[in-house]
Amino acid sequence: MTTRRWQLAHGRYLDLGPKAVVVGILNVTPDSFSDGGLFIAPEKALEQARRMVEEGAAVIDVGGESTRPGFAPITAEEEQGRVLPVIAALAASGEALISVDTYREDTARRAVAAGAHIVNDVWGLQREPGIARVAAETGAGLIIMHTGRERQKLPDVIEDQFLFLRKSLEIARAGKVADSQIVLDAGFGFAKETAAENLDLMARFSELQALGYPLMAGTSRKRFIGSATGREPGDRAAGTAATSVILRLKGADLFRVHDVAINVDALAVTDAMLARETELPPGP
């Protein structure tokens, strides 16, 4: 499997390819869909971050505004008041790489200055294109996520991915973001309203490799997993791990999850099998 070096802020990097990278979700929000309010206190957030690092997360993704369907927007000041102290404390500890989950240019800039290495934009640079400038000026890793919100989607799930993400990549290039900084996220659950649409996206995920960038999967505890398992959000860890294995086999490099340990183990077995597969002689 080819290794690609992902350039991050503050002189850091991640090598992607041979081993799956787990990104731990840290929502410092009162209203996220499955863990709202649990980690809004900074000390609780830091405890959870350390727990996820101990379980094998290489990156902690800190978000201050819920992006669940029907979420209530907050101000940039509120968002920054939630995420910046946590990012600064994590950076001081040096325990993990840090991502900030934001679509606001000012929050992204302040977060990188506080120690974040990666900006994770759930609007794919199409809400505030200035995030591209932040990434270019700071060298931060940039996760560009697909969303179908607030627009008319194409009926074909992969054609719509290409339509949206190619526009986002044009914005990134115009902002002078290097290809080595970019990771793409298919945006499971973001205006993919039915279980069938999300399952179709998972089944065809390997087609996204044609875009030429590393890929992140964010299926954790999503509603389509509940549709398949009949379980509530807090009980979807095993279902999430199953999607992680499937998406790893279809080319995903990074996995953004709430439940780190079970996904680390599932992906370790998957990677061991993939490595062994390359060593086996061809069959008869």
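Residues numbered from 1 in each chain as written. Predicted model: local features only at pLDDT ≥ 70, side-chain atom pairs only at ≥ 80, totals over all residues. Heavy atoms only, no water.

In the annotation of an unreviewed UniProt entry, the chain is listed under the name Dihydropteroate synthase and assigned to Mesorhizobium atlanticum. Entered under Cofactor (unreviewed entry) in the UniProt record, the comment concerning the chain runs "Mg(2+)". Checking UniProt for the chain, the heading Function (unreviewed entry) contains the comment "Catalyzes the condensation of para-aminobenzoate (pABA) with 6-hydroxymethyl-7,8-dihydropterin diphosphate (DHPt-PP) to form 7,8-dihydropteroate (H2Pte), the immediate precursor of folate derivatives." (UniProt positions renumbered as here; feature names shortened; annotations may be inferred.)

1. Structural notes on the packing of helix α1 (residues 42-54) against helix α2 (residues 76-93)
In the contact formed by α1 and α2, the axes pass within 10 Å of each other and the chain directions differ by 45 degrees. Taken together, the axis directions place α1 and α2 in an arrangement best described as oblique. Taken as a pair, α1 and α2 cross one another with a handedness that is right-handed. Contact with α1, carried on its side by Pro-42, Ala-45, Leu-46 and Ala-49, involves Val-86, Ala-89 and Leu-90 of α2 and no other residues of that element. (Axes fitted to C-alpha atoms, helices over the stretch in contact; angles between N-to-C directions. Helix = DSSP H or I, 4+ residues; strand = E, 2+ residues; numbered from the N terminus. Parallel < 35°, antiparallel > 145°, perpendicular 65-115°, else oblique. Left-handed = near helix turned anticlockwise from the far one by under 90°. Contact = heavy atoms within 4.5 Å.)

2. Concerning the nonpolar core
The nonpolar side chains of a soluble globular protein tend to be buried, and buried together. Residues Leu-26, Ile-60, Val-62, Leu-90, Ile-144 and Leu-184 are the most contacted members of the largest nonpolar core, which totals 62 residues. At 8 residues, helix α5 (residues 157-174) tops the list of elements feeding residues into this core. Once residues lying within four places of it in the same chain are set aside, the contact partners of Ile-60 are Gly-24, Leu-26, Ala-49, Met-52, Val-53, Leu-90, Ala-96, Leu-97, Ile-98 and Ser-99. (Core = buried A, V, L, I, M, F, W, Y, C linked by side-chain atoms within 4.5 Å. Buried < 20%, exposed > 50% of the residue type's maximum accessible area, 1.4 Å probe, protein only.)

3. Re the side chain of Gln-161
Following the sequence through the fold, Gln-161 ends up in helix α5. Owing to a relative accessible area of 0%, Gln-161 belongs among the buried residues under this scheme. One polar contact links Gln-161 to His-146, side chain to side chain, over a distance of 3.3 Å. From its side chain, Gln-161 meets the backbone oxygen of Ala-186 in a polar contact 2.8 Å long. Residues within four places of Gln-161 in sequence aside, it is in contact with His-146, Arg-166, Ala-186, Lys-192, Leu-201 and Leu-208. (Polar contact = N/O pair within 3.5 Å; in protein donor to acceptor, adjacent residues only side chain to side chain.)

4. Comments concerning the pairing of strand β3 (residues 21-27)
Looking down a regular strand, the side chains alternate between one sheet face and the other. Judged by how many residues are buried, β3 sits mostly within the fold: 7 of 7 residues are covered. A two-sided burial pattern is seen for β3, the buried positions comprising Val-21, Val-23, Ile-25 and Asn-27 on one face and Val-22, Gly-24 and Leu-26 on the other. Inspection of the sheet shows β3 paired to strand β10 (residues 254-257) by 4 bridges, in the parallel sense. Of the residues in β10, the one forming a bridge with Val-21 is Leu-254. (Pairing = 2+ DSSP bridges.)

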